[in-house]
Amino acid sequence: MLPPAALDHLIHHYMTEQSVIPATVGYHGYQHASCISVNHVAVHGIPSESKILKDGDILNIDVTPRLDGPETNHWHGDTSRMYTVGESISVKARRLIEATDKSLVAGIVAAKPGNRLGDIGIACEQVANAYGYSIATEFYGHGIGLIFHDNPEVIHVEPEEMGPILRPGMIFTIEPILNIGKPGVKVLNDGWTAVTRDRKLSAQAEHTVGITEDSVVIFTQSKGG
């Protein structure tokens, strides 16, 4: 099996071949083309050279390609999805990934013009609750476009305030993190890697979406759907 760093090298090479820049390289000192979060790593896992992926692992790969235009027109797209390693994936891991994908889809369905930003969080949380999972509340979706991280913050649980009305032209990410155990996470000493406090499995899924006059468009949907 490969170390996560080998996957990051492939990602970096592919991006540059497509004439886009890995926006994460150099971002607040980060030096990798992706974040790769394995098993109980909830988000922002640093691709390791030493850790070898093994049969039964689950991992999230998070990428942000930047397409540079004239002057400061640097457009970002941010997306992540879950992958499995080998054939020995546990039932609980597959169920977690299924729930995470459905939570993301529910959030996207709720992101329609006229709804409020908080409707997205309510929809994401309802799916997590139906599966008996929690959602990590310390990390949010975010506005994106010319700027990597911008307003608004997109919360993936029911918020205290419902926030602004969704209007055409708004572009942001939806990226719920579902935990099998409790919602709490902590950031390790490297300043990036966030792990579940109870060391139970975590999964994330993310798309960049935009609000149109009558619907929502997914900018980061792959050919595979």
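Structure report, in brief. As the structure is a prediction and not an experimental result, all values here were calculated from the model.

### Considerations on the pairing of strand 10 (residues 150-154)
As judged from the 3 bridges shared by strand 9 (residues 141-143) and strand 10, these two strands associate in the antiparallel manner. Each residue of the ladder has a partner; that of G143, found in strand 10, is D150. Linking two consecutive strands that pair antiparallel, namely strand 9 and strand 10, is a turn of 6 residues; a positive phi of about 160° is found at G145 within it.

### Examining the pattern of salt bridges
Between side chains of opposite charge, a pair can form as their charged atoms come close. Summed over the entire model, instances satisfying the criterion amount to 2 salt bridges. Ionic pairing is found between D68 and R66, a salt bridge with its closest N-O pair at 2.7 Å. Classification of D68 by relative accessible area gives partly exposed; the value is 34%. In this structure R66 comes out as partly exposed when scored by relative accessible area, which is 21%.

### Points about unusual backbone geometry
Following N151, the chain continues to P152 via a peptide bond in cis, the omega torsion being 5°. Positive phi outside glycine occurs at S19, with the angle close to 65°. With respect to the helices and strands, the residue S19 is situated in the loop between helix 1 (4-17) and strand 1 (21-22). The phi torsion at R199 lies on the positive side, around 65°, for a residue other than glycine. Here R199 is to be found in the loop between strand 14 (194-196) and strand 15 (202-204).

### Some words on the nonpolar core
Counting 33 residues, the largest nonpolar core has I58, I120, L166, F172 and I174 as its most contacted members. Sorting elements by how many residues they give to this core places helix 2 (residues 91-110) first, with 8 residues. When neighbours within four sequence positions are excluded, F172 is seen to be in contact with A111, I120, H142, G143, I144, V154, L166, H207, T208, V209 and I211. Of all hydrophobic cores here, the second largest spans 12 residues; its members include L7, I36, L59 and I61.

### Observations regarding the sheet that holds strand 1
Taken together, the 3 strands give an open sheet; going across it, the order is 1-5-6, and neighbouring strands pair in antiparallel fashion. At either end of the open sheet lies a strand with only one pairing partner, and these are strand 1 and strand 6 (74-76). With 3 bridges joining them, strand 5 (residues 65-68) and strand 6 adopt antiparallel strand pairing. Pairing of R66 across the sheet is with H76, part of strand 6.

### Looking at the packing of helix 2 against helix 3 (residues 117-131)
Helix packing geometry: the angle between the two helix axes and the distance between the axes. In contact at an axis separation of 8 Å, helix 2 and helix 3 are set at 155° when each is read in the N-to-C sense. On the basis of the axis angle, helix 2 is roughly antiparallel to helix 3. In this structure, helix 2 meets helix 3 at a crossing whose hand is right-handed. Residues R95, E98, A99, K102, S103, A106, G107 and A110 of helix 2 form the contact with helix 3, whose participating residues are D119, I120, A123, C124, V127 and Y131.

### Some points on a nonpolar patch on the surface
Residues L67, W75, L146 and I147 make up a contiguous nonpolar surface patch of roughly 400 Å² in combined accessible area. Assignment of secondary structure puts L67 in strand 5. For L67, a relative accessible area of 48% translates into the label partly exposed.

### Quick word on the side chain of S80
With respect to the helices and strands, S80 occurs in strand 7 (residues 79-84). There is a polar contact of 3.1 Å between the side chain of S80 and the side chain of N60. Residues in contact with S80, not counting those within four places in the same chain, are N60, I61, D62, Q204, A205 and E206.

### Quick look at the sheet that holds strand 8 (residues 134-135)
Two pairing modes exist for strands in a sheet, parallel and antiparallel, and in both the strands are linked by backbone hydrogen bonds. If you walk across this open sheet you meet the 3 strands as 8-12-15, and the pairing is antiparallel. Edge positions in the sheet fall to strand 8 and strand 15, since each of these pairs with one other strand and no more. Inspection of the sheet shows strand 8 paired to strand 12 (residues 177-179) by 2 bridges, in the antiparallel sense. Opposite S134, over in strand 12, you have N179 as the bridge partner.

### Things to note about the pairing of strand 4 (residues 58-63)
Taking burial as the measure, the 6 residues of strand 4 include 6 buried ones, the bulk of the element. As paired elements, strand 2 (residues 34-38) and strand 4 share 5 bridges and run antiparallel to each other. Paired with V38 across the two strands is L59, which belongs to strand 4.

What counts, and where the lines are drawn
Residues numbered from 1 in each chain as written. Predicted model: local features only at pLDDT ≥ 70, side-chain atom pairs only at ≥ 80, totals over all residues. Heavy atoms only, no water. Pairing = 2+ DSSP bridges. Helix = DSSP H or I, 4+ residues; strand = E, 2+ residues; numbered from the N terminus. Salt bridge = Lys/Arg side-chain N within 4 Å of Asp/Glu carboxyl O. Buried < 20%, exposed > 50% of the residue type's maximum accessible area, 1.4 Å probe, protein only. Core = buried A, V, L, I, M, F, W, Y, C linked by side-chain atoms within 4.5 Å. Contact = heavy atoms within 4.5 Å. Axes fitted to C-alpha atoms, helices over the stretch in contact; angles between N-to-C directions. Parallel < 35°, antiparallel > 145°, perpendicular 65-115°, else oblique. Left-handed = near helix turned anticlockwise from the far one by under 90°. Patch = residues over 30% accessible without salt bridge, like charges linked within 9 Å, V, L, I, M, F, W, Y side chains within 5 Å. Areas by Shrake-Rupley, 256 points an atom, 1.4 Å probe, with all protein chains shown as cover. Polar contact = N/O pair within 3.5 Å; in protein donor to acceptor, adjacent residues only side chain to side chain.

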